[in-house]
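Here's the letter readout for the chains.
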Amino acid sequence: MDAPAPTANEQISNRISLVSIVSACVLFALPWIELRCSGSSVATQSGFQAAIGEASLSDRLAQQRESTSVSASNDNGPEMAAGILAGGLLLLAALGFSIHALSGQRQSSRIAVLFTTLSLVSIAGQAIWGFPVETGLEEAMNEAKTESGVADSPIAASLAAAIDFECRYTPWFYIELILLGLPLLLLFILRPVRRSP
């Protein structure tokens, strides 16, 4: 016996969910995090970079890095953000099921929403836990200060203490979270209303 055809609301929901999931995949490549030191941007990190443990240094920081004696072989970069990696893989699975749902498969649509929701929870959980790039940059700066003898000078040490690090989430990160929550929201808004007999 064939499953009933999806309703008009389900078809609309499936299409909107697919657009939302594709958009969320595209936003994975845009900067989600901006690291600022004393008011100026020093590095950014996209979702993809967070998942594989990379970051993009600002031009100024990259030039300083090249001019210092810190060798690239000593720098392993930031650690992978496991929550972002899991979220990205779940998002790809959601994309596959969302595409399959366009053929009228209700179960695929629900599975796509499940994977999208798990991706949202994974990425939001990583944001709550913290991104490794922030701690990695702080550790690298502290190591560079001790190697250069900044800690030996009281004046230089107090200046180094005044440097403030700030990790900011960019608007792209918040848009990503909204896009990941949209399929779940549509599931509840457009679900059929059951009337009692």
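Everything quoted here is computed from the prediction, not taken from an experiment.

Trainee: Give me the lowdown on the pairing of strand β1 (residues 31–37), citing residues and values where you can.
Mentor: In terms of burial, β1 is largely enclosed, as 6 of its 7 residues are buried. Pairing between β1 and strand β2 (residues 40–46): 6 bridges, direction antiparallel. In the sheet register, Glu34 faces β2, and the bridge partner there is Thr44. Hairpin connection, β1 to β2: the antiparallel pair is bridged by 2 residues, and Ser38 has positive phi, about 55 degrees. Across 5 bridges, β1 lies against strand β4 (residues 165–169) in antiparallel orientation. Paired with Ile33 across the strands is Tyr169, a residue of β4.

Trainee: Describe in detail the side chain of Ser119, supporting the description with residues and values.
Mentor: With respect to the secondary-structure elements, Ser119 resides in helix α5 (residues 106–129). Setting aside residues no more than four positions away along its own chain, Ser119 makes contact with Gly87, Leu90, Leu91 and Leu180.

Trainee: How would you summarise the packing of helix α4 (residues 82–101) against α5 if you had to cite specific residues and measurements?
Mentor: Contact geometry of α4 with α5 gives a least axis separation of 8 Å together with a crossing angle of 165 degrees. Comparing the axis directions of α4 and α5 gives the class roughly antiparallel. As for how α4 packs across α5, the hand of that crossing is left-handed. For the contact of α4 with α5, the class distribution of residues is 14 nonpolar, 10 polar and no charged.

Reading guide: rules and limits
- Residues numbered from 1 in each chain as written.
- Predicted model: local features only at pLDDT ≥ 70, side-chain atom pairs only at ≥ 80, totals over all residues.
- Heavy atoms only, no water.
- Buried < 20%, exposed > 50% of the residue type's maximum accessible area, 1.4 Å probe, protein only.
- Helix = DSSP H or I, 4+ residues; strand = E, 2+ residues; numbered from the N terminus.
- Pairing = 2+ DSSP bridges.
- Contact = heavy atoms within 4.5 Å.
- Axes fitted to C-alpha atoms, helices over the stretch in contact; angles between N-to-C directions.
- Parallel < 35°, antiparallel > 145°, perpendicular 65-115°, else oblique.
- Left-handed = near helix turned anticlockwise from the far one by under 90°.
- Nonpolar A, V, L, I, M, F, W, Y, C, P; charged D, E, K, R; others polar.

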